[in-house]
Amino acid sequence: MLTNRYVRTILLSRVLLQLGIWIRNFAILLYISDITHNNPQYVSLISVVETAPIFIFAFIGGTFADRWRPKLTMVWCDFISAITVFIVLLAVLSGSWYALLVGTFISASLSQFSQPSAMKLYKKNVPADGLQGVMAMSQSLVAIFMVLGPAIGTFIYLKYGIEASLILTGVLFLGSSLVLTSLPKDDEEEVSSGSSNFLKELTSGLRYVQSNRALRTLSLTFGVTGLAAGLVQPLAIFIAIEKLGLSKESLQWFMMANGAAMLIGGIVIMGIAKKVKPQFLLATGLLVSALCTVGVGASTLVSVTLILQIVSGLFYPCIHVGIQTLIMRNTEGPFMGRVGGAITPIFMGMMLIGMALSGYLKDSTSLFTVYVWSGCLLFAGVVLLGPLLRKKQASAKQQAM
């Protein structure tokens, strides 16, 4: 797969982006946690700012991605993100920490134009039987930075402060933009007619999702699992502080263990990518995540929590690879941006709602209760995935006949 120029270049770009994002996100988390004295509502607000643009701009960005040149779109999005980071740095130096939230919001918004463009290039330039392997490789890259990112981000912030973290983030974003310039020039057919009506293209994308049974099923599953993820994502720091009696800095070690397991899981999936149906991968990942989520919420032992994080990490690639492969296999090339832009906001919108509620639910009930609710929602996602699993079984019977 790495012999493919598009895969190799995009993955190198993602290496730089992932490193920059982790350094930025951990610096912001620790910095705001410090100045607000671990206020759960402000900690939740960080996650909301990071994910709200996905809900707000994903469909718009996906529609534009179907109209614009994919290479040029990615290059400019990373370049503007870098410039935004340096502007935020100036604001922070003047004493305005709220600028960190604004800058993160802008950068995450630009990603909604860049990511669909990368998927379009994969769809066009990677053979169909190699797509699941490429998705597994992408997930393995994410896993690597789940291991390295927290440690690097925490070290740079604690050693050099928020200013150095932002400078390094901006440099890495610029590097990503530069790497992407080496991609071949965009083909004319990769771009929709600029004179066509934007709203017409946008609504046609919605109708396309509505008419496709597999995409409708994924949309429902995304909704409940997004809410589940949102409920617990901002509360991970409180698992370390309240349930285990550790410092907030110790969160990085649990994330590193989870990321190392994700890396192993991604490598395994790369090896079996052509043998396992994506809907089975997705259902398995959701079921294991449900059990591990409840377990993490209940555990008061560091060893048990660590084991659960490792198990969850091993199976998390099943979710990511299953989702991305199902979308790409069930979507025609000209609709890639719009389909991703239509389905992703369902997941992220519900996730955003969950994150907005998590701090209040924790205060009004308990940390364990919120984690139990999250686990139940993940299990509901497995149930909603039933039509795709039955479709797999029916296809297997037909082939046997």
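Residues numbered from 1 in each chain as written. Predicted model: local features only at pLDDT ≥ 70, side-chain atom pairs only at ≥ 80, totals over all residues. Heavy atoms only, no water.

**Here's the deal with the overall build of the protein**
Item 1. For the protein, the count of helices and strands is 14 helices and 0 strands.
Item 2. Out of the 401 residues belonging to the protein, those deemed buried represent 55%.
Item 3. Once local pairs closer than 6 in sequence are excluded, the contacts in the protein between residues at least 24 apart make up 90%.
Item 4. When the accessible surface of the protein is split by element, carbon and sulfur atoms take 69% of a total near 17,100 Å². (Helix = DSSP H or I, 4+ residues; strand = E, 2+ residues; numbered from the N terminus. Buried < 20%, exposed > 50% of the residue type's maximum accessible area, 1.4 Å probe, protein only. Contact = heavy atoms within 4.5 Å. Areas by Shrake-Rupley, 256 points an atom, 1.4 Å probe, with all protein chains shown as cover.)

**Re the packing of helix H7 (residues 213–232) against helix H11 (residues 302–329)**
Item 1. Interaxial distance between H7 and H11 falls to 10 Å at its minimum, and their mutual angle equals 150°. With respect to H11, the axis of H7 lies roughly antiparallel. Where H7 crosses over H11, the handedness of that crossing is left-handed. Contact residues: H7 offers Leu 215, Leu 218 and Phe 222, while H11 offers Ile 323, Leu 326 and Ile 327.
Item 2. For the contact of H7 with H11, the class distribution of residues is 6 nonpolar, no polar and no charged. (Axes fitted to C-alpha atoms, helices over the stretch in contact; angles between N-to-C directions. Parallel < 35°, antiparallel > 145°, perpendicular 65-115°, else oblique. Left-handed = near helix turned anticlockwise from the far one by under 90°. Nonpolar A, V, L, I, M, F, W, Y, C, P; charged D, E, K, R; others polar.)

**A word on the pattern of salt bridges**
Item 1. Going through the model one piece at a time under the given rule, you end up with 1 salt bridge.
Item 2. The closest approach of N and O atoms between Glu 242 and Lys 362, which form a salt bridge, is 2.9 Å. Here Glu 242 is found in helix H8 (residues 236–243), whereas its partner Lys 362 is found in helix H12 (residues 336–364), with 120 residues between them in sequence.
Item 3. What makes Glu 242 partly exposed here is its relative accessible area of 46%.
Item 4. Given the relative accessible area of 11%, Lys 362 is considered buried. (Salt bridge = Lys/Arg side-chain N within 4 Å of Asp/Glu carboxyl O.)

**Examining empty space enclosed by the protein**
Item 1. For the structure on display, the rule yields 3 cavities of 30 Å³ or more.
Item 2. Estimates place the volume of the second largest cavity at around 60 Å³.
Item 3. Around the second largest cavity sit Arg 24, Ile 28, Thr 84, Val 85, Val 88, Leu 100, Gly 103, Thr 104 and Leu 166, which together line it.
Item 4. Taken together, the residues that form the lining of the second largest cavity break down as 5 nonpolar, 3 polar and 1 charged. (1 Å grid on protein atoms, 1.4 Å probe; cavity = no way out; pocket = protein on both sides within 12 Å on 5 of 7 lines; lining within 4 Å. Points joined across faces, edges and corners; volume = space filled by probe spheres on them.)

**Quick look at the side chain of Thr 169**
Item 1. Tracing the backbone shows Thr 169 in helix H5 (residues 131–180).
Item 2. Ignoring anything within four residues of it in the chain, the contact list for Thr 169 reads Gly 20, Ile 23, Arg 24 and Val 85.

**Details of H7**
At 3.6 residues per turn, the α-helix brings residues three or four places apart onto the same side.
Item 1. Here H7 is 20 residues long and its end C-alpha atoms lie 30 Å apart, about the 28 Å a rise of 1.5 Å per residue gives.
Item 2. When you tally the buried positions in H7, you get 15 out of 20 residues, the bulk of the element.
Item 3. Where H7 starts, the residue carrying a side-chain oxygen 3.0 Å from the main-chain nitrogen of Ala 214 turns out to be Asn 212. (Expected span 1.5 Å × (residues − 1). Polar contact = N/O pair within 3.5 Å; in protein donor to acceptor, adjacent residues only side chain to side chain.)

**Here's the deal with the nonpolar core**
Item 1. With 68 residues, the main nonpolar core has Val 7, Leu 100, Tyr 122, Ile 162, Leu 166 and Tyr 371 as its most contacted residues.
Item 2. Sort the elements by how many residues they give to this core and helix H1 (residues 5–35) lands first, with 14 residues.
Item 3. Not counting residues within four places of it along the chain, the set of residues in contact with Leu 166 comprises Val 85, Val 88, Leu 89, Val 92 and Leu 100.
Item 4. In this structure, Leu 215, Leu 326, Ile 343 and Leu 388 belong to the second largest nonpolar core, which totals 23 residues. (Core = buried A, V, L, I, M, F, W, Y, C linked by side-chain atoms within 4.5 Å.)

**So, the packing of H1 against helix H4 (residues 98–125)**
Item 1. At their nearest, the axes of H1 and H4 sit 12 Å apart, and the two run at 160° to each other. With respect to their mutual orientation, H1 and H4 come out roughly antiparallel. Once H1 is placed against H4, the crossing between them reads as left-handed. For the pair H1 and H4, the contacting residues are Tyr 6, Val 7, Ile 10, Leu 11, Arg 14, Arg 24, Ile 28, Tyr 31 and Ile 32 in the first and Leu 100, Leu 101, Thr 104, Ser 107, Ser 114, Gln 115, Ala 118, Leu 121, Tyr 122 and Asn 125 in the second.
Item 2. For the contact of H1 with H4, the residue count by class is 12 nonpolar, 5 polar and 2 charged.

**As for the packing of aromatic side chains**
Item 1. Taken as a whole and assessed by the stated rule, the structure comprises 4 aromatic pairs.
Item 2. Taking 6.0 Å as the distance between ring centres and 35° as the angle between the ring planes, the aromatic pair formed by Trp 22 and Phe 26 counts as tilted. In this pair, Trp 22 and Phe 26 are both assigned in helix H1, 4 residues apart and thus about one turn of the helix distant.
Item 3. Judged by centre distance (5.7 Å) and plane angle (90°), the rings of Trp 76 and Phe 79 are edge-to-face. Here Trp 76 and its partner Phe 79 are both found in helix H3 (residues 70–93), 3 residues apart, which amounts to about one turn of the helix.
Item 4. Sitting above the plane of the Phe 238 ring, Lys 362 keeps its charged end 4.9 Å from the centroid. (Phe/Tyr/Trp six-rings, centres within 6.5 Å; stacked < 30°, edge-to-face > 60°. Lys NZ or Arg CZ within 6 Å of the ring centre and 35° of its normal.)

**Brief notes about the environment of Ala 214**
Item 1. You can see Ala 214 is positioned in helix H7.
Item 2. Residue classification places Ala 214 among the buried residues on the basis of a relative accessible area of 5%.
Item 3. When the C-alpha atoms of Ala 214 and Arg 329 are compared, they prove to be 9.9 Å apart, with 115 residues separating the residues in sequence.
Item 4. If we ignore the near neighbours within four places in the chain, the residues touching Ala 214 are Asn 330 and Leu 388.

**Describing the environment of Leu 16**
Item 1. Relative to the helices and strands, Leu 16 is located in helix H1.
Item 2. The sequence separation of Leu 16 and Val 179 amounts to 163 residues, and the corresponding C-alpha distance is 9.3 Å.
Item 3. In this structure, Leu 16 is in contact with Leu 172, Gly 175, Ser 176 and Val 179, ignoring residues within four places of it in sequence.

**Here we look at the confidence of the model for the protein**
Item 1. In this model, the protein carries a mean pLDDT of 80, and residues with pLDDT of at least 70 account for 85%.
Item 2. Mean pLDDT per element in the protein: helix H14 (residues 386–400) is the minimum at 58, and helix H13 (residues 367–384) is the maximum at 92.
Item 3. Counting contacts from residues 394–401, a segment whose pLDDT is below 50, to residues more than four positions away or on other chains yields 0 contacts. (pLDDT = per-residue confidence, 0-100.)

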